[in-house]
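# Architecture at a glance
Residue strings, one per chain:
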Amino acid sequence: PEREWQPPIPEKLIHIKAFIENHLSDSLANPRLAREAAMSVTGFERAFKRHFGTTAAQYVSEMRIREASRRLLQTMDSIDEIAAATGFPNRAYFSRVFKKVTGGSPAGFRRKHSGLLR
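Since the model is a prediction, treat every value here as computed from it, not as a measurement. Sequence order as written defines the numbering, with residues in each chain counted from 1. pLDDT decides what is reported in this predicted model: residues at 70 or higher carry local features, side-chain atom pairs at 80 or more are listed and counted, and totals for whole chains, interfaces and linings draw on all residues regardless. Excluding hydrogens and water, the side-chain figures rest on all heavy atoms present in the structure.

## Details of the overall build of the chain
Rule in force here: Counting from the N terminus, the helices are the DSSP runs of H or I reaching at least four residues and the strands are the DSSP runs of E reaching at least two. Under the scheme applied here, a residue whose accessible area is under 20% of the maximum for its type counts as buried, over 50% as exposed, and between as partly exposed, the area being computed with a 1.4 Å probe on protein chains only. When checking whether two residues touch, look at their non-hydrogen atoms; a contact exists if any pair is within 4.5 Å. Note on areas: Shrake-Rupley with a 1.4 Å probe; residue coverage comes only from the protein chains shown.
Check the secondary structure of the chain and you find 7 helices and 0 strands. Going residue by residue from the N terminus, the α and β elements of the chain occur as α-α-α-α-α-α-α. For the chain, the residues scored as buried account for 34% of the 118 residues in total. Considering only contacts within the chain whose residues lie at least 6 apart along the sequence, 54% involve residues at least 24 apart. Accessible surface for the chain amounts to roughly 7800 Å². Of this, 52% is attributable to carbon and sulfur atoms.

Right, here's the structure in full:
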């Protein structure tokens, strides 16, 4: 079967993905990301969804949880420290989002998976 042709991803959006990954602890609301991409907010939101199949907010959340998971397994940082380092305003909100994405708590994730790395 033939693949559907996909237009190339604009350089601005490639830059934004890298920007997000390098600034997870910062506020990453769409207006800031749109400014960073030199686009209008509406144009940015549309382009991000069209090219990546998800919203920028969902992508930011996914990247934050991915980095938090890595830190839970590879560091001895406290859950509070990890929450702050990955852009969550507090431990309670971090735990709520983490559980929504992974199905379990950050502490449970660390307990369950940290033995695999030893």
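That shown, we press on.
## Looking at the pattern of salt bridges
Rules: When a carboxyl oxygen of Asp or Glu is within 4 Å of a side-chain nitrogen of Lys or Arg, the pair counts as a salt bridge.
Within this structure, the stated rule accounts for 5 salt bridges. Between R71 and E67 there is a salt bridge whose closest N-O contact spans 2.9 Å. Within this pair, R71 and its partner E67 are both found in helix α4 (residues 56-74), separated by 4 residues, close to a single helical turn. A salt bridge links R71 to D77; the shortest N-O distance between them is 3.9 Å. For D77, a relative accessible area of 26% gives the class partly exposed.

## Some remarks on the nonpolar core
The criterion, for reference: Throughout this description, the term nonpolar core refers to a set of buried Ala, Val, Leu, Ile, Met, Phe, Trp, Tyr and Cys residues connected via side-chain atoms within 4.5 Å.
Membership of the largest hydrophobic core comes to 17 residues, with the highest contact counts inside it found for L13, I16, I20, L28, L33, F44 and F48. Those elements that provide at least two residues to this core are α1 (11-22), α2 (30-36), α3 (41-52) and α4. Not counting chain neighbours up to four residues away, the residues in contact with F44 comprise L13, I16, N30, L33, A34, A37, M39 and A56. Among the nonpolar cores identified, the runner-up in size contains 11 residues, and L72, A83, F98 and F109 belong to it.

## So, the packing of aromatic side chains
Each pair of aromatic rings is reported with the distance of its centres and the angle of its planes. Put simply, the rule is: Between the rings of Phe, Tyr and Trp (Trp by its six-membered ring), a pair exists once the centres lie within 6.5 Å; its type follows the angle of the planes, with under 30 degrees stacked, over 60 edge-to-face, and the other angles tilted.
For the structure shown, the criterion picks out 7 aromatic pairs. When the centroid spacing of 5.7 Å and the interplanar angle of 50 degrees are considered together, the rings of F44 and F48 count as tilted. In this pair, F44 and F48 both sit in helix α3, 4 residues apart, roughly one turn of the helix. Per residue, the accessibility class of F44 equals that of F48, and both read buried.

## Observations regarding the confidence of the model for the chain
Formally: Note: pLDDT gives the predictor's confidence per residue, expressed from 0 to 100.
In this model, the chain carries a mean pLDDT of 92, and residues with pLDDT of at least 70 account for 96%. For the chain, helix α7 (residues 106-114) is the element with the lowest average pLDDT, namely 91, and α2 is the one with the highest, namely 97.

## So, α4
Here is the rule we go by: By definition here, a helix of n residues has an expected span of 1.5 Å times n minus one.
Compared with an ideal rise of 1.5 Å per residue, which puts 19 residues at 27 Å, α4 spans 27 Å between its outermost C-alpha atoms and is within 8% of the ideal. For α4, every residue scored as buried is listed here: A56, Y59, V60, M63, R64, I65, E67, A68, S69 and L72. In this fold, the buried residues of α4 make contact with α1, α2, α3, α5 (79-85), α6 (91-102) and α7.

## Quick look at the packing of α4 against α6
In a packed pair of helices, the relevant descriptors are the angle between the two axes and the axis-to-axis distance. Condition: Comment: axis = line fitted to C-alpha atoms, over the contacting stretch for helices; angle = value between 0 and 180 degrees taken between N-to-C directions. For classification purposes, angles smaller than 35 degrees are called roughly parallel, those larger than 145 roughly antiparallel, those between 65 and 115 roughly perpendicular, and all remaining angles oblique. By the convention adopted, Pro, Cys, Tyr, Trp, Phe, Met, Ile, Leu, Val and Ala count as nonpolar, Lys, Arg, Asp and Glu as charged, and the other residues, Gly among them, as polar.
Interaxial distance between α4 and α6 falls to 10 Å at its minimum, and their mutual angle equals 95 degrees. By the angle between their directions, the pair α4 and α6 is classed as roughly perpendicular. Contacts between α4 and α6 involve S61, I65, A68, S69 and L72 from the first element and F94, V97, F98, V101 and T102 from the second. A per-class count over the contact of α4 with α6 returns 7 nonpolar, 3 polar and no charged.

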